[in-house]
Amino acid sequence: MSPFRKLVSVALVLAALTILLSLGTWQVQRLHWKEQLLAQMEARRQAAPVELVDAETALKTGRDQEYLRVRVEGVFDHTKERHFFATDAGRTGFYVYTPLRLADGRELFVNRGFVPYDLKQADKRQAGEVNGTVALTGYLRNRLEGKPSSLVPDNDLQKNIFYWKDWTAMVRSTNLDPVNVVPFFVDADDAVQPPGGWPKAGVTQFELPNNHLQYAVTWYGLAAALVGVSLAMVFRR
């Protein structure tokens, strides 16, 4: 092999090794981030709920408050339900997002929970359409700034079917004033038990996929294999 070809081969091996090690290191960093996120979620899940005003004050600090437990009180406007396509225990259906009129006159979209597909219409589950002032606890959930993926269907506002949590579309489709709506959602927790059993509350997902360790092992393993093959070729020559 000519010196030039040897130099090119060495450069390619070093470039590939650098890429593989970088990918492995990136997955290790992602592993640490995911473990911290899961620990934070569990801590907030177990913590005592805070008042909504305290959650809003915490948000103003610029720190993420997702999954913070909050306590809210108000009156539901069931005529403005928005339906988010979802599954629960293998059944297709919807999460029911209902505006809650707070004591200060603002509105807050609360994810009251899951209903099966055939119970989408509120008149089929009237027992759960509670009237009057209600108090509940739940988890603060951030609004999305845009559709999470091009693979996600567009929201069908005519049929009142949402495929992603578009806060702006929910507000506009209910003719609410965005200035008068709390800029995040709250998922009702499983302590909420409406008459008739629907919507089924406590649908917040706390389990996130965490495969970063096996990905890191894969990339580092490929890097080790590349080194081994390269050394074997050198010794053979």
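The protein carries the name SURF1-like protein in an unreviewed UniProt entry, which gives Rhizobium lemnae as its organism. Among the UniProt annotations of the protein, the heading Sequence similarities (unreviewed entry) holds the following wording: "Belongs to the SURF1 family."

A. Representation of helix H4 (residues 212-236). In this model, H4 (25 residues) spans 36 Å end to end at C-alpha, consistent with the 36 Å of a helix rising 1.5 Å per residue. Those residues of H4 that sit buried are His212, Ala216, Ala223 and Ser230.

B. Representation of helix H2 (residues 52-59) in the model. Three or more residues of H2 are buried, namely Leu52, Ala55, Glu56 and Ala58. For H2, the buried positions fall inside an angular range of 160 degrees around the axis, keeping them on one side. For H2, the elements touching its buried residues are strand E1 (50-51), strand E2 (69-76), strand E4 (91-102), strand E5 (107-116), strand E6 (133-141) and strand E7 (181-188).

C. Region of interest: the packing of aromatic side chains. Counted under the stated rule, the structure contains 7 aromatic pairs. An angle of 80 degrees between the planes, with centres 6.0 Å apart, marks the rings of Phe85 and Phe94 as edge-to-face. Summarising the aromatic geometry, the rings of Tyr97 and Phe185 are spaced 5.3 Å apart at their centres and angled 75 degrees between planes, so their arrangement reads as edge-to-face. One end of the pair, Tyr97, is in strand E4; the other, Phe185, is in strand E7, with 88 residues separating them in the sequence. Among the aromatic residues, those joined into a ring-pair cluster are Phe84, Tyr95, Tyr97, Phe114 and Phe185.

D. Representation of the UniProt feature "transmembrane region" (unreviewed entry) in the protein within the structure. Residues annotated in UniProt with the feature "transmembrane region" (unreviewed entry) correspond here to residues 217-235. Its end C-alpha atoms 27 Å apart, residues 217-235 is made of 100% helix and 0% strand.

E. Spotlight on the pairing of E4. Taking burial as the measure, the 12 residues of E4 include 9 buried ones, the bulk of the element. For E2 and E4, the ladder comprises 3 bridges, and the chain directions are antiparallel. The partner of Gly74 across the bridge, within E4, is Leu102. Of the pairings in the sheet, the one linking strand E3 (residues 82-88) to E4 comprises 7 bridges and is antiparallel in character. Paired with Thr87 across the strands is Thr92, a residue of E4. As paired strands, E4 and E5 are joined by 9 bridges and run antiparallel to one another. In the strand pairing of E5, Gly93 is matched with Pro116. Linkage of E4 to E5, two consecutive antiparallel strands, is achieved through a turn of 4 residues, within which Gly105 is found at a positive phi near 95 degrees.

F. Quick peek at unusual backbone geometry. Note that the residue after Trp198, namely Pro199, is joined by a cis bond; omega there is 0 degrees. Even without being glycine, Tyr67 reaches a positive phi, approximately 75 degrees. Topologically, Tyr67 is positioned in the loop between H2 and E2. Here Tyr67 falls in the buried class, since its relative accessible area comes to 9%. A positive phi is found at Asn160, a non-glycine position, where the angle reads about 55 degrees. In this fold, Asn160 is placed in the loop between E6 and helix H3 (167-173). Residue class for Asn160 comes out buried when judged on its relative accessible area of 12%.

What counts, and at which threshold
Residues numbered from 1 in each chain as written. Predicted model: local features only at pLDDT ≥ 70, side-chain atom pairs only at ≥ 80, totals over all residues. Heavy atoms only, no water. UniProt positions renumbered as here; feature names shortened; annotations may be inferred. Helix = DSSP H or I, 4+ residues; strand = E, 2+ residues; numbered from the N terminus. Expected span 1.5 Å × (residues − 1). Buried < 20%, exposed > 50% of the residue type's maximum accessible area, 1.4 Å probe, protein only. Arc of directions from axis to C-beta. Contact = heavy atoms within 4.5 Å. Phe/Tyr/Trp six-rings, centres within 6.5 Å; stacked < 30°, edge-to-face > 60°. Pairing = 2+ DSSP bridges.

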